[in-house]
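# Architecture at a glance
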Amino acid sequence: MKDLRQMIRRKQALIHCITNPISMTQCANAVLAMGARPMMAEHPEEVEEITATAGALLLNLGNISDVRMEAMRRSLKTAKEYQIPVVLDAVGVACSALRRNFAMELLAEEAVTVIKGNYSEITALYDSNYHSSGVDADKALCIDRTAERAMALSEKYHAVILASGAKDLVADRKQLCVVNCGTPQLANITGTGCMLGAVCASCLASEDAAEAAVDACMIMGICGELSETEQGSGSFLKNLLDQLSTWSEEAILSRAKVEVRTIEKL
């Protein structure tokens, strides 16, 4: 995390986000709060040109449509050509065969840097027979089994895996990081998972994939902790954006709870 805040603000990288309309504004605000520049273009005829100038690309499968699917295909090919890092947020792949199959199509391009999903979504990418209801994570899924699946997916796709949950998991083939930061209030606001993807993409434009994923989990989780309020969801969202705009490395590191497990310890 050394000098991450300054690097992001100094670089002001363009973060091209092809995401769902439900969380588009919150993702854009999260990128801005981090100090990067959001671009939410999704028309297939313009996305290649825009992706080519980006520091990172975020593909979010929420509320999927034919137009966004085609835009994602084109953007991913451009990112691969220009070696631009990519976050794939596999929203809903556990409840939708369409999304799961499309995620597999994108992953087959071998251009995704970070694969993000909740425990159910990561399980669905690992096990084609797994199915859940809705986009929320199955609370019955345990951390140890999800960690094993994340490590296997990291090896299979040569990508960093970010499995979000009560404890976030980051797997990069060499080791597993367990990030124990956050608050249940994050689950009471729609789009906070998507915001985590946007924060991760903002970090990814300035540091390597494993660091970006861990740092994003710490930043989002601890900013959530510092935003807790009894005033309701609206106040919490306002507080969250304020915290994302003003966090310091000292504040994040002083509260961070990260356990690193090497392959030998898994």
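About the thresholds
- Residues numbered from 1 in each chain as written.
- Predicted model: local features only at pLDDT ≥ 70, side-chain atom pairs only at ≥ 80, totals over all residues.
- Heavy atoms only, no water.
- Helix = DSSP H or I, 4+ residues; strand = E, 2+ residues; numbered from the N terminus.
- Buried < 20%, exposed > 50% of the residue type's maximum accessible area, 1.4 Å probe, protein only.
- Contact = heavy atoms within 4.5 Å.
- Areas by Shrake-Rupley, 256 points an atom, 1.4 Å probe, with all protein chains shown as cover.
- Lys, Arg positive; Asp, Glu negative; His and termini not counted.
- Charge placed at Lys NZ, Arg CZ, Asp CG, Glu CD.
- Core = buried A, V, L, I, M, F, W, Y, C linked by side-chain atoms within 4.5 Å.
- Arc of directions from axis to C-beta.
- Polar contact = N/O pair within 3.5 Å; in protein donor to acceptor, adjacent residues only side chain to side chain.
- Salt bridge = Lys/Arg side-chain N within 4 Å of Asp/Glu carboxyl O.
- Pairing = 2+ DSSP bridges.
- Right-handed = clockwise from strand over helix to strand, strands pointing away.

It is worth spelling out the overall build of the protein chain at this point. Looking only at helices and strands, the protein chain features 11 helices and nine strands. Dimensions of the protein chain along its principal axes, counting C-alpha atoms only, are 40 × 40 × 35 Å. Across the 266 residues of the protein chain, 56% fall into the buried class. Counted over contacts in the protein chain with a minimum sequence separation of 6, partners at least 24 positions apart contribute 73%. With the model as given, the accessible surface of the protein chain reaches about 11600 Å², and the carbon-plus-sulfur share is 49%. Within the protein chain, one finds 26 positive and 34 negative side-chain charges whose respective centroids are separated by 2 Å.

Further remarks concern the environment of D168. Within the secondary structure layout, D168 lies in strand 7 (residues 168-171). Along the sequence, D168 and E211 sit 43 residues apart, while their C-alpha atoms lie 14 Å from each other.

Of all hydrophobic cores here, the largest spans 52 residues; its most connected members are I15, V199, I219 and L244. Per-element accounting of this core gives the leading share, 11 residues, to helix 9 (residues 209-226). When neighbours within four sequence positions are excluded, I15 is seen to be in contact with V31, A36, R37, P38, M39, A56, A201, S202 and A205. Grouped together as the second largest cluster of nonpolar side chains are 42 residues, I18, V47, A71 and L88 included.

Now for helix 5 (residues 97-107). Among all positions of helix 5, only R99, R100, F102, A103, L106 and L107 are buried. With its buried residues spanning 165° around the axis, helix 5 presents them on a single face. Buried-residue contacts for helix 5 involve strand 3 (56-60), helix 4 (66-82), strand 4 (86-89), strand 5 (114-118), helix 6 (119-126) and helix 7 (143-157). If you check the start of helix 5, you find a side-chain oxygen 3.4 Å away from the backbone N of L98, and it comes from S96.

Per the stated rule, a full pass over the model turns up 13 salt bridges. For D3, the salt bridge goes to K2, with nearest N and O atoms at 3.9 Å. Between D242 and K238 there is a salt bridge whose closest N-O contact spans 3.3 Å. In this pair, D242 and K238 both sit in helix 10 (residues 233-246), four residues apart, roughly one turn of the helix. On the accessibility criterion, K238 (52% relative accessible area) is exposed. Each of E45, E70, R73, R74 and E105 takes part in a single network of salt bridges with overlapping partners.

Let's shift gears to the pairing of strand 3. The element strand 3 is extensively covered by neighbouring structure, given that five of its five residues are classed as buried. Residues A56, L58 and N60 of strand 3 are buried on one face, and the alternating residues L57 and L59, pointing to the opposite face, are buried as well. Here four bridges tie strand 1 (residues 14-18) to strand 3, and the two strands are oriented parallel to one another. Across the sheet, I15 pairs through a bridge with A56, a residue of strand 3. Assessed by its sense of winding, the connection that carries the chain from strand 3 through helix 4 to strand 4 is right-handed.

Now for unusual backbone geometry. Phi at D3 is positive, roughly 60°, even though this residue is not glycine. Summarising the element assignment, D3 is placed in the segment before helix 1 (4-11). Although it is not a glycine, N63 adopts a positive phi angle of roughly 45°. Residue classification places N63 among the partly exposed residues on the basis of a relative accessible area of 37%.

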